[in-house]
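One-letter residues, chain by chain:
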Amino acid sequence: MENVVLNMSVSVDGFSAGPDVTVEHPMGEGGERLHEWLFNSSSDRAVPAGGTSPNGVDAQVAQELLASTGAVVVGRRTFDVGVELWGDTPFPVPCFVLTHQAREQLVMKSAAFTFVTDGIESALRQAQAAARGKNVLIMGGANTAQQFVRAGLVDEIQIQLVPVLLGSGTRLFDRLGTDHIELERNRLIESPYVTHLRFHVAR
């Protein structure tokens, strides 16, 4: 059975986006810093995952995520600010958008966006059916991530911890309630740009 995986890049002070998220600044003011490990030309993304570079882990993590993802769930705000930037679905797999506004499926180059109006459980069921044995990725934003964690629907949390203090913005793990959620760390690898952490959510 596939896992439900929450994957986010986060600052050391816990922000997954900077303040004032807009179409012009889809990661908020200064928030693009959180994704430099993926897109900066000085990062190791150009190094093959099986190469000899000591910094090849970033490429390896990105490739693993791509290969293991069968469907994606995002919030409506993430869709609104990201779709023009992506020019496609964020991964080349079916993408399910949580929204209160019904609209027709949006077919892109690689896959399609399906808009789900009846909650996270419905979005997850549809994503699992479309994933064909691969993982369902919960990609963003923070509100969507929090809903899935609160509901106990996340099997694995992958955090890309970026060495920066953003100071303000949207915190990834706000509004989770007061109950403890135990995590079992099963990976810790790093490059000069980011520390990759992976946790299994204990049941």
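Here, every reference points to the structure presented above.
Summary of the structure given here. Note that the structure is predicted; figures quoted are calculated from it, not measured. (Residues numbered from 1 in each chain as written. Predicted model: local features only at pLDDT ≥ 70, side-chain atom pairs only at ≥ 80, totals over all residues. Heavy atoms only, no water.)

### Considering the packing of aromatic side chains
Let me state the cut-off plainly: Centres within 6.5 Å are what make two rings of Phe, Tyr or Trp a pair, Trp counting through its six-membered ring; a difference in plane orientation under 30 degrees is then read as stacked, over 60 as edge-to-face, and the rest as tilted. In this text, helices come from DSSP runs of H or I with a minimum length of four residues, and strands from runs of E with a minimum of two, each type numbered from the N-terminal end. Working definition: with a 1.4 Å probe on protein chains only, accessible area under 20% of the residue-type maximum means buried, over 50% means exposed, and in between means partly exposed.
The full count for this structure, using the stated rule, is 3 aromatic pairs. Here Phe 79 and Phe 115 contribute two aromatic rings whose centre-to-centre distance is 5.1 Å and whose plane-to-plane angle is 85°, an arrangement assigned as edge-to-face. Taken together, the residues Phe 79 in helix 3 (residues 76–86) and Phe 115 in strand 6 (residues 112–116) connect sequence positions 36 residues apart. Side by side, Phe 79 and Phe 115 carry an identical accessibility label, which is buried. Ring centres of Trp 86 and Phe 113 lie 6.3 Å apart, and the angle between their planes is 20°; this geometry places the pair in the stacked category. With Trp 86 in helix 3 and Phe 113 in strand 6, this residue pair connects regions lying 27 residues apart in the sequence. An aromatic cluster is present here, built from Phe 79, Trp 86, Phe 113 and Phe 115 joined pairwise through their rings.

### Quick word on the sheet that holds strand 7 (residues 135–140)
Condition: The pairing criterion is simple: DSSP has to find at least two bridges between the two strands. Contacts were defined at the residue level, with two residues in contact if any of their heavy atoms lie within 4.5 Å. For helices, the axis comes from a line fit to the C-alpha atoms of the stretch in contact; other axes are also lines fit to C-alpha atoms, and the angle between any two N-to-C directions lies between 0 and 180 degrees.
Strand order in this open sheet of 9 strands is 5-6-4-3-7-1-8-11-10, and the pairing throughout is mixed. Both outer strands of the open sheet, strand 5 (106–107) and strand 10 (183–190), are each paired with one neighbouring strand and no more. Judged from the 2 bridges that link them, strand 5 and strand 6 form a sheet pairing that is antiparallel. The residue of strand 6 that forms the bridge with Val 107 is Ala 112. Sitting on the sheet, helix 5 (residues 142–150) is in contact with strand 1 (4–11), strand 3 (69–75), strand 4 (95–98) and strand 7, with an inclination near 135° to strand 7.

### Here's the deal with the side chain of Thr 78
Counting through the fold element by element, Thr 78 comes out in helix 3. Contacts of Thr 78, omitting those with residues within four sequence positions, involve Val 83, Trp 86, Gly 140 and Gly 141.

### Digging into the environment of Pro 163
Summarising the element assignment, Pro 163 is placed in the loop between strand 8 (156–162) and strand 9 (170–171). On a C-alpha basis, the gap between Pro 163 and Tyr 193 in space is 7.2 Å, while along the polypeptide they are 30 residues apart. The residues touching Pro 163, leaving out its near neighbours within four places in the chain, are Val 12, Arg 33, Tyr 193 and Val 194.

All we've got here are geometric facts, nothing functional implied.
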